[in-house]
Amino acid sequence: MTLIKRNLIAWSAMLGLLGVFPHGAQAQEAQNLPTLTLSAGMYNIVAQVAQTPQQREIGLMFRKSMAPHEGMLFVFEKPATQCFWMKNTLIPLSAAFIASDGTIVNIEDMAPQTENSHCSRKPVRFVLEMNQGWFAKRGLKAGAHLSGPVFAGS
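Residues numbered from 1 in each chain as written. Predicted model: local features only at pLDDT ≥ 70, side-chain atom pairs only at ≥ 80, totals over all residues. Heavy atoms only, no water.

K.L.:
Got a minute to help me understand the overall build of the protein chain in this structure?
P.N.:
Tallying secondary structure elements over the protein chain gives four helices and eight strands in all. For the protein chain, the sequential pattern of α-helices and β-strands runs α-α-β-β-α-β-β-β-β-β-β-α. Counting only residues that meet the buried cut, the protein chain has 45% of its 154 residues in that class. Contacts in the protein chain between residues far apart in sequence, at least 24 positions, make up 65% of those at least 6 positions apart. Surface exposure of the protein chain reaches about 7,800 Å², of which carbon and sulfur atoms provide 56%. (Helix = DSSP H or I, 4+ residues; strand = E, 2+ residues; numbered from the N terminus. Buried < 20%, exposed > 50% of the residue type's maximum accessible area, 1.4 Å probe, protein only. Contact = heavy atoms within 4.5 Å. Areas by Shrake-Rupley, 256 points an atom, 1.4 Å probe, with all protein chains shown as cover.)

K.L.:
Help me out: how do you make sense of the pattern of salt bridges in this one?
P.N.:
A side chain of one charge can pair with a side chain of the opposite charge if their charged atoms are brought near each other. Counting across every chain of the model gives two salt bridges. The residue R56 makes a salt bridge to E77 at a minimum N-O spacing of 3.6 Å. Separated by 21 residues along the polypeptide, R56 in helix α3 (residues 53–58) and E77 in strand β3 (residues 70–80) bring together distant segments of the chain. E108 serves as the salt-bridge partner of R121, at 3.8 Å between the closest nitrogen and oxygen. With R121 in the loop between β7 (118–119) and β8 (124–131) and E108 in strand β6 (residues 104–110), this pair connects stretches of sequence that are 13 residues apart. (Salt bridge = Lys/Arg side-chain N within 4 Å of Asp/Glu carboxyl O.)

K.L.:
What am I meant to see in unusual backbone geometry here?
P.N.:
Trans is the common state for peptide bonds, and a negative phi is the common state for residues other than glycine. Here F62, not a glycine, exhibits a phi torsion of approximately 70°, which is positive. Residue placement: F62 occurs in the loop between α3 and β3. Positive phi outside glycine occurs at Q113, with the angle close to 50°.

K.L.:
I'm lost on the nonpolar core in this one. Help?
P.N.:
As a rule of thumb, nonpolar side chains are buried together in soluble globular proteins. Counting 21 residues, the largest nonpolar core has L38, L73, I98, L128 and F135 as its most contacted members. Elements with a minimum of two residues in this core: β1 (35–40), β2 (43–50), β3, β5 (93–98), β8 and α4 (134–137). Apart from the residues lying within four places of it in its own chain, the contact partners of L38 are Y43, N44, I45, A47, L73, L128, S147, G148 and F151. If you look at the next biggest cluster of nonpolar residues, it comprises 18 residues, including M72, F76, F97 and V105. (Core = buried A, V, L, I, M, F, W, Y, C linked by side-chain atoms within 4.5 Å.)

K.L.:
I would appreciate a short explanation of the pairing of β1 in the present structure.
P.N.:
Sheet topology places β1 next to β2; six bridges connect them, and they run antiparallel. Of the residues in β2, the one forming a bridge with L36 is A47. Hairpin connection of β1 to β2: two residues between the antiparallel strands, including G41 at a positive phi of 65°. (Pairing = 2+ DSSP bridges.)

K.L.:
What should I look at first to understand the environment of S65 in this one?
P.N.:
Of note, S65 is situated in the loop between α3 and β3. Of the residues examined, S65 reaches a relative accessible area of 33% and is grouped as partly exposed. Sequence separation between S65 and N131 is 66 residues; the distance between their C-alpha atoms is 8.6 Å.

Written out as structure tokens, the structure reads:
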């Protein structure tokens, strides 16, 4: 078991014991997922963590809004090319495809209720969905680095 996986398992258990649940009524509307705080330079993100296949499948479907500082982090067991679509997703999103060390590989803007595939340009372990334009408004693009407890070397 890798150090990252052990840390993620320990972190998940700790959040469960502490009773940490998503911030905001919109987040609780669809799923009760643990949250963690990520940093993109001076910007903090409260990200719900979708780490099981079922949690990842539901994602942000059917939500009508999301607070500007909130997002959803999809966690995968090992690096692979990840593709996302927006079927049943009502809000426009930007998806950052992120390597194990927190480096953004590419960012894709995604239109609501579409089935167009948006894929990582290389294998990644994480995908962070934010309201569309969040990354661009903050000058974040491929090569930018995020920090947080799930990223190797953070």
